[in-house]
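The residues making up each chain are set out below.
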Amino acid sequence: MCLAVPGKVLEVEERNGTRMASVDFGGVVKEVCLEYLPDLQVGEYAIVHVGFALQRLDEESARRTLELFENLGLLQEEFGDPWEQAAAEAGGDGHGTDGAAAAGEALR
């Protein structure tokens, strides 16, 4: 599943002529392109989809949405470790030799 997730802008910089930001999604920080919202500033919130900030969002709405996504397990699904997820689905714990073997089997 690919969600549009609200995140808080932590840092903004220009890279090779493109405005980019470090964005916090409830504890997970990812790099996001700001080309669709070039005036977005540090401390503001935006809805992000596939690495692009698409719409500015107020802090209260962002916090409520992140809390809801967390409660539903959608943040882990969207940002979690895919190897660990595959191991869990295969019955392993995602750690150690058994988890790695389970992850490999789940991906075959």
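Residues numbered from 1 in each chain as written. Predicted model: local features only at pLDDT ≥ 70, side-chain atom pairs only at ≥ 80, totals over all residues. Heavy atoms only, no water.

Caption draft 1: Quick peek at the overall build of the chain. A count of helical and extended segments in the chain gives four helices and five strands. When the helices and strands of the chain are listed from N to C terminus, the series reads β-β-β-β-β-α-α-α-α. Relative to its 108 residues, the chain shows a buried fraction of 31%. The long-range fraction of contacts in the chain, counting pairs at least 24 apart against all pairs at least 6 apart in sequence, stands at 33%. (Helix = DSSP H or I, 4+ residues; strand = E, 2+ residues; numbered from the N terminus. Buried < 20%, exposed > 50% of the residue type's maximum accessible area, 1.4 Å probe, protein only. Contact = heavy atoms within 4.5 Å.)

Caption draft 2: Spatial organisation of the pattern of salt bridges. Inspection of every chain in the model, using the stated rule, returns six salt bridges. As a salt-bridge pair, Glu13 and Arg15 come within 3.0 Å of each other at their nearest N and O atoms. Note that Arg56 and Glu44 form a salt bridge whose closest N and O atoms lie 3.1 Å from each other. Residue Arg56 is found in strand S5 (residues 52–57), and its partner Glu44 is found in the loop between strand S3 (28–33) and strand S4 (45–49); the two are separated by 12 residues along the sequence. By sharing partners, the salt bridges in this structure join Glu13, Arg15 and Glu31 into a single network. (Salt bridge = Lys/Arg side-chain N within 4 Å of Asp/Glu carboxyl O.)

Caption draft 3: Broad picture of the nonpolar core. Of all hydrophobic cores here, the largest spans 16 residues; its most connected members are Val5, Val23, Phe25, Val32, Leu34, Leu40 and Ala53. Those elements that place two or more of their residues in this core are strand S1 (5–15), strand S2 (18–25), S4 and helix H1 (59–72). No other element matches the three residues that S2 contributes to this core. (Core = buried A, V, L, I, M, F, W, Y, C linked by side-chain atoms within 4.5 Å.)

Caption draft 4: Broad picture of a nonpolar patch on the surface. The grouping of Tyr36, Val50, Phe52 and Leu54 at the surface amounts to a nonpolar patch, some 400 Å² of accessible area in total. Along the polypeptide, Val50 turns up in the loop between S4 and S5. Classification of Val50 as exposed rests on a relative accessible area of 54%. (Patch = residues over 30% accessible without salt bridge, like charges linked within 9 Å, V, L, I, M, F, W, Y side chains within 5 Å. Areas by Shrake-Rupley, 256 points an atom, 1.4 Å probe, with all protein chains shown as cover.)

Caption draft 5: Broad picture of the confidence of the model for the chain. Of all residues in the chain, 69% have pLDDT values of 70 or greater, and the mean over the chain is 79. Helix H4 (residues 96–107) is the least confidently modelled element of the chain, averaging 42 in pLDDT, while S5 averages 95, the highest of any element. (pLDDT = per-residue confidence, 0-100.)

Caption draft 6: Quick peek at the pairing of S2. The pairing of S1 with S2 spans seven bridges and is antiparallel. Bridging across to S2, Lys8 finds its partner in Asp24. Following S1, the chain reverses through two residues before pairing antiparallel with S2; Asn16 in that reversal takes a positive phi of roughly 50°. With six bridges connecting them, S2 and S3 associate as antiparallel partners. Its bridge partner being in S3, Asp24 is matched across the sheet by Val29. In textbook terms, the turn of a hairpin is the stretch between consecutive antiparallel strands, and for S2 and S3 this stretch comprises two residues, one of which, Gly26, has a positive phi near 60°. (Pairing = 2+ DSSP bridges.)

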